[in-house]
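Report on the structure
Residue-level listing of the chains:
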Amino acid sequence: METADLMSIMKWKELAEVEDYLDCPMDEWSDLKSKARLSFAMQYIMAKRHKPELTIEEAEKLSISELTTLSGMVMEVPKEATSA
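Before going into details, it helps to say that this report is about the structure given with it. The model shown is predicted, which means the values in this text are computed figures rather than measured ones.

What about the side chain of Thr68?
- On the secondary structure map, Thr68 appears in helix α5 (residues 64–71).
- Owing to a relative accessible area of 16%, Thr68 belongs among the buried residues under this scheme.
- Of the polar contacts made by the side chain of Thr68, one reaches the backbone oxygen of Ile64; its length is 2.8 Å.

If you want it as structure tokens, here you go:
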């Protein structure tokens, strides 16, 4: 299982797909109220690298661990910046 900064390994096309799914530009991702949808979308797109026929509906029915295994990536929920 690979752990890495997804933003550095995802392709631009994949990032655009995440934007489309969320209906939110990448510049606003840190302001999203739900990080779960962002994490799911990114992991779904990564899973499609290994299983291109995977649909969003199928992915939504998978457990977190099943989608993690399919994507080959460990996801960490983005944390909000805290002021010092």
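Re the side chain of Gln43
- In this fold, Gln43 is placed in helix α3 (residues 35–50).
- For Gln43, a relative accessible area of 5% corresponds to the buried category.
- At 3.2 Å, the side chain of Gln43 and the side chain of Thr68 are in polar contact.

Some remarks on the packing of α3 against α5
- Two elements in contact, α3 and α5, have axes whose closest approach is 7 Å; the angle formed by their N-to-C orientations is 45°. By the angle class used here, α3 and α5 are oblique. Crossing hand, α3 versus α5: left-handed. Every residue of α5 that contacts α3 at Phe40, Gln43, Tyr44, Met46, Ala47 and His50 is listed here: Leu67, Thr68, Leu70 and Ser71.
- In the contact of α3 with α5, the residues fall into six nonpolar, four polar and no charged.

Section: the nonpolar core
- In this structure, Met10, Val18, Leu22, Trp29, Leu38 and Tyr44 are the most contacted members of the largest nonpolar core, which totals 20 residues.
- Among the elements of the structure, α2 (12–22), α3 and α4 (56–61) are those that each provide at least two residues to this core.
- The element contributing the most residues to this core is α3, with eight residues.
- Those residues in contact with Trp29, other than ones at most four positions away along the chain, are Met7, Leu15, Val18, Glu19, Leu22, Cys24, Lys35, Leu38 and Met42.

Digging into the environment of Lys48
- Mapped onto the elements, Lys48 comes out in helix α3.
- Using a relative accessible area of 24% as the deciding quantity, one classes Lys48 as partly exposed.
- For the pair Lys48 and Ala59, spaced eleven residues apart in sequence, the C-alpha separation works out to 9.6 Å.
- If near-sequence neighbours (up to four positions away) are discounted, Lys48 is found in contact with Glu17 and Leu54.

Cut-off values and rules
- Residues numbered from 1 in each chain as written.
- Predicted model: local features only at pLDDT ≥ 70, side-chain atom pairs only at ≥ 80, totals over all residues.
- Heavy atoms only, no water.
- Helix = DSSP H or I, 4+ residues; strand = E, 2+ residues; numbered from the N terminus.
- Buried < 20%, exposed > 50% of the residue type's maximum accessible area, 1.4 Å probe, protein only.
- Polar contact = N/O pair within 3.5 Å; in protein donor to acceptor, adjacent residues only side chain to side chain.
- Axes fitted to C-alpha atoms, helices over the stretch in contact; angles between N-to-C directions.
- Parallel < 35°, antiparallel > 145°, perpendicular 65-115°, else oblique.
- Left-handed = near helix turned anticlockwise from the far one by under 90°.
- Contact = heavy atoms within 4.5 Å.
- Nonpolar A, V, L, I, M, F, W, Y, C, P; charged D, E, K, R; others polar.
- Core = buried A, V, L, I, M, F, W, Y, C linked by side-chain atoms within 4.5 Å.

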